[in-house]
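Single-letter residue listing:
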Amino acid sequence: MPNQKKSLNTLDLLAISTELTELRDSIIDKVYTMSNSLLFRFRKESEKYFVIANSHRFGLTSYVLEHGAEGVSSLRRLIEGMRLRSIELLNFDRIVKLSFSDGYLVIELLKPWNAIYVSNDNIIRWVLRTYRGKDRVISIGLEYKPPPQGFVKPVDDHESMVKALQGYDTVGKAIARGLGLGGEIANEVCTRASIDCALPVNTINLDSVISVIRTMINTISRGELEPTIYYSNGVPITVTPIKYLSIKYDDIKQFRRFNEAVDEYFHEVEVREESE
(Lines give C-alpha, C1' and ligand atoms only; values in the text may rest on other atoms or scores of the structure.)
Protein backbone atom coordinates (compact mmCIF):
# COMPACT_ATOMS: atom_id res chain seq x y z
CA MET A 1 0.00 0.00 0.00
CA PRO A 2 1.33 3.52 -0.77
CA ASN A 3 2.47 5.65 2.15
CA GLN A 4 -0.43 7.38 3.86
CA LYS A 5 -0.43 11.18 3.99
CA LYS A 6 0.01 12.27 7.60
CA SER A 7 -0.08 16.05 7.34
CA LEU A 8 -1.37 18.77 5.02
CA ASN A 9 1.10 20.32 2.59
CA THR A 10 1.33 23.93 1.43
CA LEU A 11 -1.16 23.68 -1.44
CA ASP A 12 -3.60 21.86 0.84
CA LEU A 13 -3.40 24.72 3.33
CA LEU A 14 -3.79 27.25 0.54
CA ALA A 15 -7.05 25.54 -0.45
CA ILE A 16 -8.23 25.37 3.17
CA SER A 17 -7.48 29.07 3.69
CA THR A 18 -9.17 30.02 0.42
CA GLU A 19 -12.38 28.27 1.46
CA LEU A 20 -12.22 29.72 4.97
CA THR A 21 -12.41 33.29 3.69
CA GLU A 22 -16.13 32.79 4.40
CA LEU A 23 -15.25 33.11 8.11
CA ARG A 24 -14.06 36.70 7.75
CA ASP A 25 -15.89 38.99 10.19
CA SER A 26 -16.99 36.01 12.29
CA ILE A 27 -16.50 36.07 16.07
CA ILE A 28 -14.31 33.53 17.82
CA ASP A 29 -16.42 32.75 20.86
CA LYS A 30 -14.83 29.59 22.33
CA VAL A 31 -11.46 27.86 22.42
CA TYR A 32 -11.13 24.25 23.58
CA THR A 33 -8.67 21.39 23.78
CA MET A 34 -9.87 18.11 22.28
CA SER A 35 -7.51 15.17 22.73
CA ASN A 36 -4.29 16.31 20.97
CA SER A 37 -6.05 19.12 19.10
CA LEU A 38 -7.12 22.70 19.57
CA LEU A 39 -10.75 23.40 18.73
CA PHE A 40 -12.01 26.90 17.89
CA ARG A 41 -15.67 27.83 17.65
CA PHE A 42 -16.53 30.73 15.35
CA ARG A 43 -19.92 32.40 15.18
CA LYS A 44 -21.26 34.33 12.19
CA GLU A 45 -24.81 35.53 12.59
CA SER A 46 -26.79 32.37 13.50
CA GLU A 47 -24.17 29.93 12.16
CA LYS A 48 -21.45 28.24 14.22
CA TYR A 49 -18.28 26.73 12.78
CA PHE A 50 -15.74 24.48 14.49
CA VAL A 51 -12.13 24.69 13.34
CA ILE A 52 -9.60 22.06 14.40
CA ALA A 53 -5.81 22.38 14.57
CA ASN A 54 -3.36 19.58 15.32
CA SER A 55 -0.15 18.05 13.98
CA HIS A 56 -2.00 16.66 10.95
CA ARG A 57 -4.30 19.43 9.81
CA PHE A 58 -6.06 22.74 10.13
CA GLY A 59 -9.62 23.34 8.95
CA LEU A 60 -13.32 22.94 9.60
CA THR A 61 -14.50 19.83 11.41
CA SER A 62 -17.85 18.21 12.11
CA TYR A 63 -16.27 15.66 14.48
CA VAL A 64 -16.60 17.45 17.81
CA LEU A 65 -15.76 14.97 20.52
CA GLU A 66 -15.19 15.40 24.28
CA HIS A 67 -13.43 18.72 24.83
CA GLY A 68 -12.35 21.05 27.64
CA ALA A 69 -10.29 24.13 28.46
CA GLU A 70 -7.09 22.64 29.90
CA GLY A 71 -4.10 24.75 28.87
CA VAL A 72 -6.07 27.37 26.93
CA SER A 73 -7.62 29.53 29.66
CA SER A 74 -5.20 32.40 29.03
CA LEU A 75 -5.71 32.12 25.27
CA ARG A 76 -9.45 32.35 25.85
CA ARG A 77 -9.00 35.64 27.69
CA LEU A 78 -6.93 36.98 24.81
CA ILE A 79 -9.08 36.13 21.80
CA GLU A 80 -12.60 35.10 22.75
CA GLY A 81 -15.06 37.68 21.43
CA MET A 82 -12.64 38.98 18.80
CA ARG A 83 -13.56 39.33 15.15
CA LEU A 84 -11.60 37.45 12.49
CA ARG A 85 -10.15 39.93 9.98
CA SER A 86 -8.32 37.60 7.61
CA ILE A 87 -6.84 34.13 7.17
CA GLU A 88 -3.80 33.42 5.04
CA LEU A 89 -0.64 31.36 4.61
CA LEU A 90 2.42 32.88 6.25
CA ASN A 91 5.44 33.02 3.91
CA PHE A 92 3.79 30.41 1.68
CA ASP A 93 4.81 27.80 4.23
CA ARG A 94 2.84 25.22 6.22
CA ILE A 95 1.78 28.00 8.56
CA VAL A 96 -1.68 29.59 8.81
CA LYS A 97 -2.15 33.11 10.16
CA LEU A 98 -5.52 34.21 11.55
CA SER A 99 -5.60 37.98 12.08
CA PHE A 100 -7.78 39.74 14.66
CA SER A 101 -8.03 43.39 15.67
CA ASP A 102 -5.50 43.13 18.53
CA GLY A 103 -3.14 40.49 17.17
CA TYR A 104 -2.93 37.23 15.27
CA LEU A 105 -2.93 33.50 15.89
CA VAL A 106 -0.33 31.38 14.11
CA ILE A 107 -0.83 27.66 13.50
CA GLU A 108 2.47 26.02 12.55
CA LEU A 109 2.11 22.54 11.08
CA LEU A 110 5.88 22.17 10.93
CA LYS A 111 7.39 19.76 13.45
CA PRO A 112 6.86 20.20 16.31
CA TRP A 113 3.43 21.64 15.49
CA ASN A 114 2.52 24.68 17.50
CA ALA A 115 -0.04 27.43 18.05
CA ILE A 116 1.09 30.94 19.00
CA TYR A 117 -0.86 34.10 19.73
CA VAL A 118 1.04 37.29 18.89
CA SER A 119 -0.05 40.85 19.70
CA ASN A 120 0.17 43.64 17.15
CA ASP A 121 3.58 44.68 18.51
CA ASN A 122 4.80 41.22 17.39
CA ILE A 123 5.28 39.95 20.96
CA ILE A 124 4.20 36.41 21.85
CA ARG A 125 1.36 36.49 24.42
CA TRP A 126 0.44 32.79 24.45
CA VAL A 127 2.03 29.62 23.13
CA LEU A 128 0.83 26.03 23.08
CA ARG A 129 4.35 24.78 23.73
CA THR A 130 7.60 26.62 24.36
CA TYR A 131 10.17 25.81 21.72
CA ARG A 132 13.93 26.33 21.70
CA GLY A 133 15.80 25.59 18.49
CA LYS A 134 19.10 26.66 16.99
CA ASP A 135 17.37 29.29 14.83
CA ARG A 136 14.68 30.71 17.10
CA VAL A 137 12.99 30.57 20.49
CA ILE A 138 9.20 30.54 20.89
CA SER A 139 8.23 31.72 24.37
CA ILE A 140 5.84 34.20 25.97
CA GLY A 141 7.26 37.73 26.04
CA LEU A 142 9.62 37.27 23.10
CA GLU A 143 9.28 38.63 19.58
CA TYR A 144 7.67 36.12 17.22
CA LYS A 145 9.92 34.97 14.42
CA PRO A 146 8.58 32.57 11.77
CA PRO A 147 10.61 29.43 11.04
CA PRO A 148 13.66 30.13 8.85
CA GLN A 149 13.06 29.21 5.22
CA GLY A 150 15.54 27.10 3.31
CA PHE A 151 13.60 27.43 0.09
CA VAL A 152 12.34 29.99 -2.42
CA LYS A 153 8.60 30.55 -2.33
CA PRO A 154 6.82 29.25 -5.44
CA VAL A 155 5.12 32.64 -5.78
CA ASP A 156 8.43 34.52 -6.01
CA ASP A 157 9.78 35.91 -9.26
CA HIS A 158 10.73 33.59 -12.12
CA GLU A 159 14.49 34.18 -11.82
CA SER A 160 14.55 33.30 -8.11
CA MET A 161 12.59 30.11 -8.74
CA VAL A 162 14.92 29.03 -11.54
CA LYS A 163 17.97 29.63 -9.35
CA ALA A 164 16.42 27.62 -6.49
CA LEU A 165 15.60 24.71 -8.79
CA GLN A 166 19.12 24.70 -10.23
CA GLY A 167 20.54 24.09 -6.77
CA TYR A 168 19.48 20.43 -6.78
CA ASP A 169 20.49 17.42 -8.84
CA THR A 170 17.09 15.97 -9.80
CA VAL A 171 13.84 17.66 -10.78
CA GLY A 172 11.84 15.98 -8.01
CA LYS A 173 14.23 17.11 -5.27
CA ALA A 174 14.38 20.59 -6.74
CA ILE A 175 10.60 21.05 -6.58
CA ALA A 176 10.19 19.35 -3.21
CA ARG A 177 13.08 21.09 -1.44
CA GLY A 178 14.11 24.08 -3.53
CA LEU A 179 10.53 25.43 -3.58
CA GLY A 180 9.43 23.85 -0.29
CA LEU A 181 6.51 21.96 -1.86
CA GLY A 182 7.23 18.40 -0.72
CA GLY A 183 7.20 15.07 -2.50
CA GLU A 184 3.49 14.67 -3.29
CA ILE A 185 3.30 18.01 -5.11
CA ALA A 186 6.65 17.41 -6.83
CA ASN A 187 5.35 14.13 -8.27
CA GLU A 188 2.20 15.83 -9.52
CA VAL A 189 4.11 18.71 -11.11
CA CYS A 190 6.38 16.27 -12.94
CA THR A 191 3.38 14.25 -14.15
CA ARG A 192 1.60 17.35 -15.45
CA ALA A 193 4.79 18.56 -17.13
CA SER A 194 5.42 15.08 -18.63
CA ILE A 195 8.81 14.93 -16.92
CA ASP A 196 10.49 12.11 -14.98
CA CYS A 197 11.18 13.38 -11.45
CA ALA A 198 14.51 11.51 -11.47
CA LEU A 199 15.87 13.47 -14.43
CA PRO A 200 18.80 15.85 -13.81
CA VAL A 201 17.66 19.45 -13.46
CA ASN A 202 20.07 20.64 -16.16
CA THR A 203 18.43 18.41 -18.80
CA ILE A 204 14.91 19.84 -18.72
CA ASN A 205 13.12 23.10 -19.47
CA LEU A 206 12.49 24.67 -16.08
CA ASP A 207 10.01 27.14 -17.59
CA SER A 208 7.53 24.27 -18.09
CA VAL A 209 7.92 23.19 -14.47
CA ILE A 210 7.35 26.72 -13.18
CA SER A 211 4.35 27.14 -15.47
CA VAL A 212 2.70 23.99 -14.07
CA ILE A 213 3.35 25.08 -10.48
CA ARG A 214 1.87 28.53 -11.05
CA THR A 215 -1.16 27.07 -12.82
CA MET A 216 -1.83 24.77 -9.85
CA ILE A 217 -1.44 27.63 -7.38
CA ASN A 218 -3.69 29.95 -9.38
CA THR A 219 -6.37 27.28 -9.80
CA ILE A 220 -6.46 26.65 -6.06
CA SER A 221 -6.36 30.36 -5.20
CA ARG A 222 -9.42 30.93 -7.39
CA GLY A 223 -11.27 28.21 -5.50
CA GLU A 224 -11.61 26.00 -8.58
CA LEU A 225 -11.29 22.80 -6.58
CA GLU A 226 -12.01 19.09 -7.05
CA PRO A 227 -11.56 17.81 -3.49
CA THR A 228 -10.70 14.12 -3.60
CA ILE A 229 -9.82 11.28 -1.21
CA TYR A 230 -7.91 8.37 -2.75
CA TYR A 231 -8.13 4.78 -1.48
CA SER A 232 -5.89 1.75 -1.84
CA ASN A 233 -7.20 -1.63 -0.64
CA GLY A 234 -10.04 0.21 1.09
CA VAL A 235 -7.70 2.46 3.09
CA PRO A 236 -7.50 6.23 2.49
CA ILE A 237 -3.99 7.11 1.33
CA THR A 238 -4.20 10.83 0.59
CA VAL A 239 -6.47 13.82 0.04
CA THR A 240 -5.94 16.63 -2.49
CA PRO A 241 -7.72 19.91 -3.31
CA ILE A 242 -7.63 19.31 -7.08
CA LYS A 243 -7.67 15.98 -8.92
CA TYR A 244 -4.12 14.64 -9.07
CA LEU A 245 -2.93 12.64 -12.07
CA SER A 246 0.10 11.11 -10.36
CA ILE A 247 -1.62 9.09 -7.62
CA LYS A 248 -2.21 5.35 -8.01
CA TYR A 249 -5.48 4.31 -6.38
CA ASP A 250 -8.24 1.70 -6.37
CA ASP A 251 -11.08 4.08 -5.61
CA ILE A 252 -11.79 7.75 -4.98
CA LYS A 253 -14.40 9.84 -3.20
CA GLN A 254 -15.03 13.42 -4.26
CA PHE A 255 -16.47 16.27 -2.22
CA ARG A 256 -18.04 19.64 -2.73
CA ARG A 257 -15.56 21.36 -0.39
CA PHE A 258 -11.95 20.59 0.47
CA ASN A 259 -12.52 21.22 4.19
CA GLU A 260 -15.07 18.38 4.15
CA ALA A 261 -12.66 16.03 2.38
CA VAL A 262 -9.81 16.84 4.78
CA ASP A 263 -12.12 16.39 7.78
CA GLU A 264 -13.25 12.94 6.67
CA TYR A 265 -9.77 11.82 5.65
CA PHE A 266 -7.91 12.90 8.78
CA HIS A 267 -10.68 11.84 11.15
CA GLU A 268 -10.16 8.29 9.89
CA VAL A 269 -6.37 8.66 10.14
CA GLU A 270 -6.63 9.96 13.70
CA VAL A 271 -9.06 7.25 14.79
CA ARG A 272 -6.68 4.60 13.42
CA GLU A 273 -3.73 6.19 15.25
CA GLU A 274 -5.57 6.27 18.58
CA SER A 275 -6.59 2.62 18.24
CA GLU A 276 -3.03 1.43 17.54
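Above this text you will find the structure in question.
Everything quoted here is computed from the prediction, not taken from an experiment. (Residues numbered from 1 in each chain as written. Predicted model: local features only at pLDDT ≥ 70, side-chain atom pairs only at ≥ 80, totals over all residues. Heavy atoms only, no water.)

1. Some thoughts on helix α5 (residues 182-192)
Part 1 of the argument: Listed in full, the buried residues belonging to α5 are Ile 185, Ala 186, Glu 188, Val 189 and Cys 190.
Part 2 of the argument: Against α1 (10-19), α4 (171-178) and α6 (206-221) lie the buried residues of α5. (Buried < 20%, exposed > 50% of the residue type's maximum accessible area, 1.4 Å probe, protein only. Helix = DSSP H or I, 4+ residues; strand = E, 2+ residues; numbered from the N terminus. Contact = heavy atoms within 4.5 Å.)

2. Overview of the pairing of strand β3 (residues 47-53)
Part 1 of the argument: As paired strands, strand β2 (residues 37-44) and β3 are joined by seven bridges and run antiparallel to one another. Bridged to Arg 41 within β3 is Phe 50.
Part 2 of the argument: In textbook terms, the turn of a hairpin is the stretch between consecutive antiparallel strands, and for β2 and β3 this stretch comprises two residues, one of which, Glu 45, has a positive phi near 55°.
Part 3 of the argument: Bridge count for β3 against strand β4 (residues 58-60) is three bridges, and the pairing is antiparallel. Bridge pairing links Ile 52 to Gly 59 in β4.
Part 4 of the argument: Between the end of β3 and the start of β4, which pair antiparallel, lie four residues. (Pairing = 2+ DSSP bridges.)

This is a description of form; function is not addressed.
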